[in-house]
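# Geometric and topological summary
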Amino acid sequence: MSRPLFLARNRHVHSVATMVPKPPRMTVFRLPRGGVRHFSVSAARRGILDIAALPDRIVPHYQQTKASSLLSLIWPQPPRNVLLMPKLHAPHVIASAAEFAKHIYSNYPGLNLVFESHVAKSIHDQLPFPIYTAAPAEATTLFANKIDLVTTMGGDGTILRAASLFSMHHQVPPILGFSMGTLGFLGEWKFQEYKRAWRECYMSGCSVSVEDLVEPHTQVAARQAANAHLTDPHKDDDTLQSPAWDTVRGNGQCMGLNRASKILLRHRLRVGIYDAQGRNINEQLLPTSTADPGDDIIYPSPVSAPATGEITNKAPIPYLHAINEVSIDRGAHPHLAIIDIYVNNHFLTEAVADGILISTPTGSTAYSLSAGGSIVHPLVKSLLITPISPRSLSFRPLVLPLNTKVVLKLSKRNRGRELPVSIDGKRRVAVSHGMEVRVEGEQLEKTIEHGWRGGVPCVIRSSPKGDTDGIAQDDDSWVGGLNELLKFNYPFGSGEPEGQH
């Protein structure tokens, strides 16, 4: 082959090679045990990054005031790590989530937007900036350590999904919920109001005088935050104001304590599953944040007791938490379930029914309501026992104090081998004879460092109405939900209930 012909052919090959598109850049984050997971992205700016690189979470303070039974949200500094949770399998909600993400990222500097791994893979192409996620196996731990604020876009199921991410932790970040689902009884805001809703939540308490924080533990935390973040010597030392708020575009005035976002701490249930030897087996259960409704039920293998009969594990018991309810039912068995119910170590009754529900006040408008249970205001510290289709017509629902300890056991007369136990609608384990399901209400606690601890803090939409006592303002969304969504006591025919205007 002559040299001119060889060069001509090589030039042709080179020109063809340059037309082959380069493979997309890969952002890699490492998983435990040496695993490597690749996320294909179209550009470096659209990478999916590891949430482990983010700073630890900022814990807000919840201030109680005399004018309201709700709490005021006080950020010691601007939230940075925000978890966005859109409704699954809803393309229009994903598009709205992308719109919301672009708005807050552009107008609120310093934000790091986090998504669940399966959502991140579907939405990152729509965002011109990097986002963060965690592998499903690490989500419960990393989200609890890193997330400052959760924003949900969907129905009540999306809020339950958000709460389940923290089901094994005592502290849950505030949840700002936009109603974009089927019912939306728990969602407080319409998506069209997202700019106002986000600004009120983000700026809440950003300019609160330390002296206005009447509780000693909140004053201590506020002074610590002020000393850590105030850099301007001309500002008053008693004003809680982080310089990061000054960078917000348009920097609307900070709202102060009187206009701070309102928080409803929704009570949860603490759930423990115990084997026939009295050992807590919660660690064997699938965490609610990584389980899907289609996952198989776990059948824990029996563990033989030590020769001494003593429990050797001294580690703290890992409680599971439910924001709605815990249920035990007959599942696919054709026979009614027979369940023994104990209240505060006293035998209450042997229930013969399709199942038993133990619900929170929040869950009183969910499965419990469909089973004939009472509707309970979320501020009432209580738990409910509701039978599911009981054989006896005299078995009525019960409302008990929040600190009541309830134990469910399979009766020796139960004809099925195992009965499935579900937590917030997801089946977790199958219990057999000798096993126990122990349930009690989660107590809200005050701590010197972070104020209120426990429960699920939900950002409540403030009503422009209300009265000087704040009572009408507190009840506005709950009463509205009963009337508009549940059609409470709605009359037959076309007329409206008396007194409704």
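Residues numbered from 1 in each chain as written. Predicted model: local features only at pLDDT ≥ 70, side-chain atom pairs only at ≥ 80, totals over all residues. Heavy atoms only, no water.

## Focus: unusual backbone geometry
For Ser389, which is not glycine, the phi dihedral falls at a positive 50 degrees. In this fold, Ser389 is placed in strand S20 (residues 382–390). A positive phi is found at Lys487, a non-glycine position, where the angle reads about 55 degrees. (Helix = DSSP H or I, 4+ residues; strand = E, 2+ residues; numbered from the N terminus.)

## Brief notes about empty space enclosed by the protein
Considering all chains together, one arrives at 3 cavities of 30 Å³ or more under this definition. Considered as a void within the structure, the largest cavity measures approximately 180 Å³ in volume. What lines the largest cavity is a set of 18 residues, among which Leu264, Arg266, Pro378, Ser477 and Trp478 lie closest to the centre. Where the lining of the largest cavity is concerned, the elements lending two or more residues are strand S14 (262–266) and helix H9 (471–485). Per-element accounting of the lining of the largest cavity gives the leading share, 3 residues, to H9. Tallied by class, the residues present in the lining of the largest cavity amount to 10 nonpolar, 5 polar and 3 charged. (1 Å grid on protein atoms, 1.4 Å probe; cavity = no way out; pocket = protein on both sides within 12 Å on 5 of 7 lines; lining within 4 Å. Points joined across faces, edges and corners; volume = space filled by probe spheres on them. Nonpolar A, V, L, I, M, F, W, Y, C, P; charged D, E, K, R; others polar.)

## Quick word on the nonpolar core
Core analysis: the biggest nonpolar cluster contains 44 residues, and Phe100, Leu113, Phe115, Phe178 and Trp198 have the highest contact counts within it. Those elements that place two or more of their residues in this core are strand S5 (71–74), strand S6 (81–86), helix H2 (91–107), helix H3 (117–123), strand S9 (149–154), strand S10 (175–179), helix H6 (194–202) and S14. Take this core: its biggest share by element is 7 residues, from H2. Not counting residues within four places of it along the chain, the set of residues in contact with Phe115 comprises Leu83, Leu84, Ala120, Ile123, Leu127, Ile131, Tyr132, Thr133, Ala134 and Phe143. Core analysis: the next-biggest nonpolar cluster, separate from the first, contains 31 residues, Val271, Leu285, Leu383 and Leu410 among them. (Core = buried A, V, L, I, M, F, W, Y, C linked by side-chain atoms within 4.5 Å. Buried < 20%, exposed > 50% of the residue type's maximum accessible area, 1.4 Å probe, protein only. Contact = heavy atoms within 4.5 Å.)

## Topic: the packing of H2 against H6
Look at H2 against H6: their axes get within 11 Å of each other, and the N-to-C directions meet at 50 degrees. Taken together, the axes of H2 and H6 are oblique relative to one another. Pair H2 / H6 crosses with right-handed handedness. Listed contacts from H6 to Glu99, Phe100, His103 and Ile104 of H2 are Tyr194, Lys195 and Trp198. Within the contact of H2 with H6, the residues separate by chemical class into 4 nonpolar, 1 polar and 2 charged. (Axes fitted to C-alpha atoms, helices over the stretch in contact; angles between N-to-C directions. Parallel < 35°, antiparallel > 145°, perpendicular 65-115°, else oblique. Left-handed = near helix turned anticlockwise from the far one by under 90°.)

## Some thoughts on the packing of aromatic side chains
Taken as a whole and assessed by the stated rule, the structure comprises 10 aromatic pairs. Centre to centre, the rings of Phe178 and Phe191 are 6.0 Å apart; their planes meet at 75 degrees, and the pair counts as edge-to-face. With a gap of 13 residues between them, Phe178 in strand S10 and Phe191 in the loop between strand S11 (189–190) and H6 connect regions that are remote in the sequence. As far as the burial class goes, Phe178 and Phe191 line up, both buried. Grouping aromatic residues by their ring pairs yields a cluster made of Phe100, Tyr108, Phe178, Phe191, Tyr194, Trp198 and Tyr202. Between the NZ or CZ atom of Arg438 and the centre of the ring of Tyr274, over which it lies, the distance is 3.7 Å. Its end group placed over the ring of Tyr490, Lys487 keeps NZ or CZ at 5.6 Å from the ring centre. (Phe/Tyr/Trp six-rings, centres within 6.5 Å; stacked < 30°, edge-to-face > 60°. Lys NZ or Arg CZ within 6 Å of the ring centre and 35° of its normal.)

## Considering the pairing of S14
For a regular strand, side chains alternate in direction, first toward one face of the sheet and then toward the other. In terms of burial, S14 is a largely internal element, 5 of the 5 residues being buried. Both faces of S14 are covered, namely the face carrying Lys262, Leu264 and Arg266 and the face carrying Ile263 and Leu265. One ladder, built from 2 bridges, connects S5 with S14; its direction is antiparallel. Bridge pairing links Leu71 to Ile263 in S14. Of the pairings in the sheet, the one linking S14 to strand S28 (residues 456–460) comprises 5 bridges and is antiparallel in character. Note on S28: the bridge partner recorded for Ile263 is Val459. (Pairing = 2+ DSSP bridges.)

## Points about the pattern of salt bridges
If you walk through the whole model with that rule in mind, you get 12 salt bridges. Across the salt bridge formed by Lys405 and Glu440, the nearest N and O atoms sit 3.8 Å from each other. Note that Lys405 is positioned in strand S22 (residues 405–410) and Glu440 in strand S25 (residues 436–441), a separation of 35 residues in sequence. Overall, the relative accessible area of 16% leaves Glu440 in the buried class. By sharing partners, the salt bridges in this structure join Arg270, Lys405 and Glu440 into a single network. (Salt bridge = Lys/Arg side-chain N within 4 Å of Asp/Glu carboxyl O.)

Note that every value here comes from positions in space, so none of it alone points to a role or purpose.
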